[in-house]
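Understanding the architecture of this molecule
So the chains spell out like this:
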Amino acid sequence: MHLTLGIILAIIGSLMLTSVTGVDPNNFKTCEQSSFCRRSRKIQSSGSKYAIIPGTLNTYADSLTADLINKENHHQFTFKLEGLVGSTFRLQIDEKQPLHPRYRVEDALKEQPKTARISVQKETDGEITISTDDHKNKAVIHGDPFRIDFYENDVLVVTANAKNWLYFEHLRQKPADAASADANADGEAGAGNAVADDDQQQAEAPKAPGEAIDDPGAWEENFKSHHDSKPHGPEAVALDFSFPEAEVLFGIPEHADNFVLRSTSGTDPYRLYNLDVFEYVLESKMALYGSVPVLYGHGPRRTAGVYWQNVAETWVDIYTAETNVVSSLVNFVSGSRKSPSPAAHFISESGIVDAFIVLGPKPIDAFKQYAALTGTHPLPQFFSLGYHQSRWNYNDERDVASVSSKFDEYDIPMDTMWLDIEYTDGKRYFTWDKFKFPEPLTMIKNLTDVGRHLVIIIDPHIKRDTGYFFHNDCTERGYYVKTRDGNDYDGWCWPGSSSYPDFFNPVVRDYYAGQYALSKFNTVSENTMIWNDMNEPSVFNGPEVTAPKDLVHYGNWEHRDVHNLYGHMHLMGTFAGLQQRDPNQRPFILTRAHFAGSQRYAAIWTGDNMAEWSHLQHSIKMCLTEAVAGFSFCGADVGGFFGNPESELLERWYQTGAFLPFFRGHAHIDTKRREPWLYSERTRLVIRDALLKRYSYLPLWYTAFYELELKNEPVIRPLLTHYPTDKESFSIDSQLLVQDRLLVRPVMQQGVSKVDVYFPAIDDKKNGDYWYDVDTYQRQERAGYESVPVTEYKIPVWQRGGSILPKKERQRRASTLMLHDPYTLIVCLDRQGKAEGTLYLDDEKSYEYRQGQYIYVNYEFAQNQLTNRFIGKPKYKSDAWIERVVIAGLSTVPQSATITVNGVSQRLEVLQQDHAVIVRKPGIKMDVDFAIKLNY
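Within each chain, residues carry numbers counting from 1 in the order of the written sequence. Owing to the predicted nature of the model, reporting of local features is limited to residues with pLDDT of at least 70; listing and counting of side-chain atom pairs is limited to 80 or more, with chain, interface and lining totals taken over all residues. No hydrogens and no water enter the side-chain calculation; it runs on all heavy atoms of the structure.

Attention now moves to the overall build of the protein chain. Put simply, DSSP H or I for four residues or longer makes a helix, DSSP E for two residues or longer makes a strand, and each gets a number counted from the N terminus. In terms of helices and strands, the protein chain carries 15 helices and 56 strands. Its C-alpha radius of gyration of 29 Å places the protein chain within 12% of the 30 Å reference for a compact globule of 936 residues. Projected onto the principal axes, the alpha-carbon positions of the protein chain cover approximately 90 × 70 × 50 Å. Exposure is judged per residue with a 1.4 Å probe applied to protein chains only, and the accessible area is read against the type maximum: over 50% gives exposed, under 20% gives buried, and values in between give partly exposed. Expressed as a percentage of the 936 residues in the protein chain, the buried residues total 64%. Note on contacts: a residue pair qualifies if any of its non-hydrogen atoms lie within 4.5 Å across the two residues. Residue pairs at least 24 apart in sequence account for 73% of intrachain contacts in the protein chain once pairs closer than 6 positions are excluded. Summed over its atoms, the accessible surface of the protein chain is roughly 33,600 Å², and 49% of this surface lies on carbon and sulfur atoms. In the protein chain, which carries 98 positive and 123 negative side-chain charges, the distance between the mean positions of the two groups comes to 6 Å. We take the radius of gyration over the C-alpha atoms and set the globule estimate at 2.2 Å times the residue count to the 0.38 power. Computed by Shrake-Rupley with a 1.4 Å probe, the accessible areas treat only the displayed protein chains as cover when residues are assessed. Counting rule applied: Lys, Arg positive; Asp, Glu negative; His and chain ends not counted. The atom standing in for a charge is NZ when the residue is Lys, CZ when it is Arg, CG when it is Asp and CD when it is Glu.

Here is the rule: rings of Phe, Tyr and Trp (six-membered ring for Trp) pair when centre to centre is within 6.5 Å. Planes less than 30 degrees apart are stacked, more than 60 are edge-to-face, and the remainder are tilted. As enumerated under the stated definition, the model contains 64 aromatic pairs in all. Ring centres 5.1 Å apart and planes at 75° place the aromatic pair Phe503 and Tyr512 in the edge-to-face group. A residue is classified by how much of its surface remains accessible, and Tyr512, at 2% relative accessible area, is buried. Of note, Lys285 hangs over the ring of Tyr270, and the distance from its end group to the ring centre comes to 5.6 Å. The criterion is that NZ of a Lys, or CZ of an Arg, lies within 6 Å of the ring centre and within 35 degrees of the ring normal, and then a charge sits over that ring.

Let us look at the sheet that holds strand E43 (residues 779-780). Whether two strands pair depends on DSSP finding at least two bridges between them. Strand order in this open sheet of six strands is E38-E39-E40-E45-E42-E43, and the pairing throughout is antiparallel. The sheet terminates laterally at strand E38 (716-717) and E43, the two strands that pair on one side only. In this structure, E38 lies alongside strand E39 (residues 736-738), joined through two bridges in antiparallel fashion. If you follow Arg717 over to E39, its bridge partner there is Leu737.

Whenever Lys or Arg places a side-chain nitrogen within 4 Å of a carboxyl oxygen from Asp or Glu, that contact is recorded as a salt bridge. For the structure shown, the criterion picks out 66 salt bridges. Glu152 is the salt-bridge partner of Arg302, the closest N and O atoms lying 2.9 Å from each other. Of this pair, Arg302 sits in the loop between strand E18 (294-298) and strand E19 (303-308) while Glu152 sits in strand E9 (residues 147-152), and the two are 150 residues apart along the sequence. Residue Arg302 is classed as buried on the basis of its relative accessible area, which comes to 15%. Exposure remark for Glu152: the relative accessible area of 1% places this residue in the buried category. Taking the shortest distance from any N to any O, the salt bridge between Glu313 and Lys549 comes out at 2.3 Å. Taken as a pair, Glu313 in the loop between E19 and strand E20 (314-319) and Lys549 in the loop between strand E29 (529-532) and strand E30 (552-553) lie far apart in primary sequence, 236 residues in all. Note on Lys549: relative accessible area 9%, which makes it buried. The network of salt bridges with shared partners includes Asp228, Arg271, Glu313, Glu349, Glu544, Lys549, Glu558 and Arg560.

Take helix H9 (residues 506-514) next. Regarding H9, the residues found buried are Val508, Arg509, Tyr511, Tyr512, Ala513 and Gly514. For H9, the elements touching its buried residues are helix H8 (469-477), E29 and helix H11 (566-581). Capping the start of H9, Asn505 holds a side-chain oxygen 2.9 Å from the backbone nitrogen of Val507, two or three residues further along. Definition of a polar contact: a pair of N or O atoms within 3.5 Å, with one able to donate and the other able to accept a hydrogen when the atoms are protein atoms, and with sequence-neighbouring residues admitted only if both atoms are side-chain atoms.

What follows covers the state of the cysteines. One way to say it: the disulfide is the covalent bond shared by the sulfur atoms of two cysteines. To count as a disulfide, a pair of cysteine sulfur atoms needs to be within 2.5 Å. Tallied over the full model, the rule gives two disulfides. Disulfide partner of Cys623: Cys634, at an S-S distance of 2.1 Å. Handedness of the Cys623-Cys634 disulfide follows from its S-S torsion of about -75°: it is left-handed. Here Cys623, found in helix H12 (residues 613-628), pairs with Cys634, found in strand E35 (residues 634-635); they are eleven residues apart in sequence, far enough to count as distant. With respect to class, Cys623 is no different from Cys634; both count as buried. Taken N- to C-terminal, the disulfide-bonded cysteines of the protein chain are connected 1-2, 3-4. With no disulfide partner, Cys474 has as its closest neighbouring cysteine sulfur the one in Cys493, 15 Å distant.

Residue position: Asp408 is located in helix H6 (residues 397-409). Remark: the alpha-carbon pair of Asp408 and Val450, spanning 42 residues in sequence, is separated by 9.9 Å. Residues in contact with Asp408, not counting those within four places in the same chain, are Arg452 and Arg813. Here the side chain of Asp408 touches Arg452 through a polar contact of 2.9 Å, side chain to side chain.

If you trace the nine strands from one edge of the open sheet to the other, you get E35-E34-E32-E29-E25-E24-E23-E37-E36, paired in parallel fashion. Each edge of the open sheet is held by one strand with a lone partner, namely E35 and strand E36 (637-638). Sheet topology note: the strand E23 (residues 387-389)/strand E24 (residues 416-419) ladder contains two bridges and is parallel. When the sheet's bridge partners are listed, Gln389 is paired in E24 with Met417.

Axis definition: a line fit to C-alpha positions, over the contact stretch in the case of helices; interaxial angles, taken between N-to-C directions, run 0 to 180 degrees. Relative to each other, H12 and helix H13 (residues 647-657) sit at 5°, their axes nearing to 10 Å. Taken together, the axes of H12 and H13 lie roughly parallel to each other. Where H12 approaches H13, its residues Trp613, His615, Leu616, Ser619 and Ile620 are matched on the opposing element by Glu648, Leu649, Arg652, Trp653 and Thr656. A per-class count over the contact of H12 with H13 returns five nonpolar, three polar and two charged. Under this scheme an angle from 65 to 115 degrees is roughly perpendicular, one under 35 degrees roughly parallel, and one over 145 degrees roughly antiparallel; angles in between are oblique. Gly falls in the polar group here, along with every residue not listed as nonpolar (Ala, Val, Leu, Ile, Met, Phe, Trp, Tyr, Cys, Pro) or charged (Asp, Glu, Lys, Arg).

For the pair H13 and helix H14 (residues 681-696), the least separation of the axes is 8 Å and the interaxial angle reads 5°. By the criterion of interaxial angle, the relationship of H13 to H14 is roughly parallel. Residues Ser647, Leu650, Glu651, Tyr654, Gln655 and Gly657 of H13 form the contact with H14, whose participating residues are Arg682, Thr683, Val686, Ile687, Ala690 and Arg694. Here the residues of the contact of H13 with H14 are counted per class, giving five nonpolar, four polar and three charged.

Just distances and angles here, no functional claims.
So this is what it looks like as structure tokens:
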């Protein structure tokens, strides 16, 4: 389809209008407008009737299978429950004899999960109990009505189908009158008639009671001017999960909402459908760029979770006891203290039921169990944890060089320059604008010579231009996503008329990956990294600004079956390309679209936010939710993508961004330039101070990311992670933990001179940890809220008593120049006068660490002595050393210290500074055992 000039101008005008007024929610579906969602939701009022067919139950070494029947229409299904290593069960339900195979998600899990042996503990008529080998976890399967109760140490933590909301629309032949009945579905005209697929020319399925679905939109559906042909008809799947031990539910990113999920009773469910939504609405359940269908239920005694592995459009209803007014009144009148368990109802358009139940019992356990399934971000290059400078767009090579040099002129650290779409030759990726960027290799070399990197954008939309090699290759080889008529899909994006590579085809991914080879893309270096944007996929003239659902992918799967995985498959190709380009250099990729498992390939950011205080506040909420869903490497556009931040907002945003894992300033093409030196001297100095603080903590961030890969533990965490019994901490999402070592409460309100900070309790007696202000080392001993004074420079951050963390405090222009700089160890003592912590270091770039080329050390302070213990033999040779040790929490100041190495002792000077003491110049190399004893 070729668009007329009038249509093109209308699209551009609409986009410009939207950029001024913000997103129009009317351009995106509600549940009521999504026929499968409204059908599935109707079950909530009546319940469904599924049962295990007697005599079909089979048990194996690691699993149990049975046949299920829908007692209303008599359609049969297969059911399988597997025990997995790591306190996890996997539940799968599929049709027993479908008209054609239903889509099963591939490539989201990091590997095939390892199964665990199970045994039958108890079996009676209509009920069977199985347990894992250690009898710690068990599942009780009820036959009629079908239900599964999951127990951790004899405590019921999750029930599947507790509310009898299981709903599975089996595939069926299209009724003869369906086309006319649905032609005007939802009251808006559509175009085209559905043509039956070859699969539907097979013999008719047996007719049964309840076969027909009379819901408008079951067989065809219209939204706005777009028509969805639905050749397979209704095929939704849905299942509810209750969490008896939970008080709050959280997870299922990406939404611009609070960390704790709100009840959807009387409102739309949360939607998971990767969409290009700019200037998005806050406090909203609307879909955004990513979809990660993992949800956790947490209470003071237990945490458990469910990963719903489905990549079709998905809606999630949330039910929480405190928002159910009617049930609260009933309980009050009856004298009952028991409230309904918090519950979630997952509703997906197609596919099968494939759910992983993780049993905790602690929050960190549940997070690790989920990460064991889908993976973690591999250790990134050190530079990627520094500061990134971007905008849409830096104009030309001179602009890039000027910005880089200005950071040096004003003595502000910066690691990476970014180029948006305007660097290309007419939006043709893997090319350069020869007028604006005539010597890209020289430009890149000028950056790398001073220790910096370049990141360039490469999006999945391909300009339909016969003079463009990539388009010609994809056309000739059949690499594009197809319409249901077999033609290359032609949509509209930044280049104008565009088509989209079918990354689900491994041959297409290989072709795409090959384009990154320096022999082909020879205008970049091996150090140039990649930004994948617009990969939801974004289609300006498509339904809801994305691809039509009845497009066809490799394997004859409809786009509706795989939509939320498209960006993930794009990432797989990019990651493979960068690894092939330089096999021993860790790739850095930033992506907007993501699904479960995408964290194995890329960092993410929160998308097209706005220069408003409320969007600054949501950067913490959104990244915390992403972190517990596997995406620790998360950040937000500092200053807001849209709009022009005033000075105070920009200052506070830099201070907040300095304590999120991904730290990038970025802005829309229509915004004013906002490099730090373009503001007042005060603002520039405040920003510089925040950046210097970030760079000083880079050893901590790097260690945390290594331990993410090693232990599956998130880098940033909500308070409930380490304070699971403190109910006040459950919903706090204005604060975050960096591992369990730092407590961060950024200033995110305008014009304040103090902020309220919550210091969590460790027990029911409201005892708390010691917390030390990182600037003064003044100690906070009491749990609860404290009003903390702040100046324009102040970032409220505390180090936990009982922890040791590493810093580097010498200023450099870029992190790559810090490799051999000395370390400072910050020791903050707990109530017993003890502390411990880790440090990880390697060459900061290659994969040699996977061959043991690293130093990983645990430091411990006890009885007035600091010692180290290497975790594994240190094989990496570093020129760095320890230049000082800062100790906070000592009751008296020691007179001196003694360091002992290989039996040889030397006296060290000790100074007092603020509320801490400093042991000066231990001078010990990082791979040497030592002990430092304080002398009184």
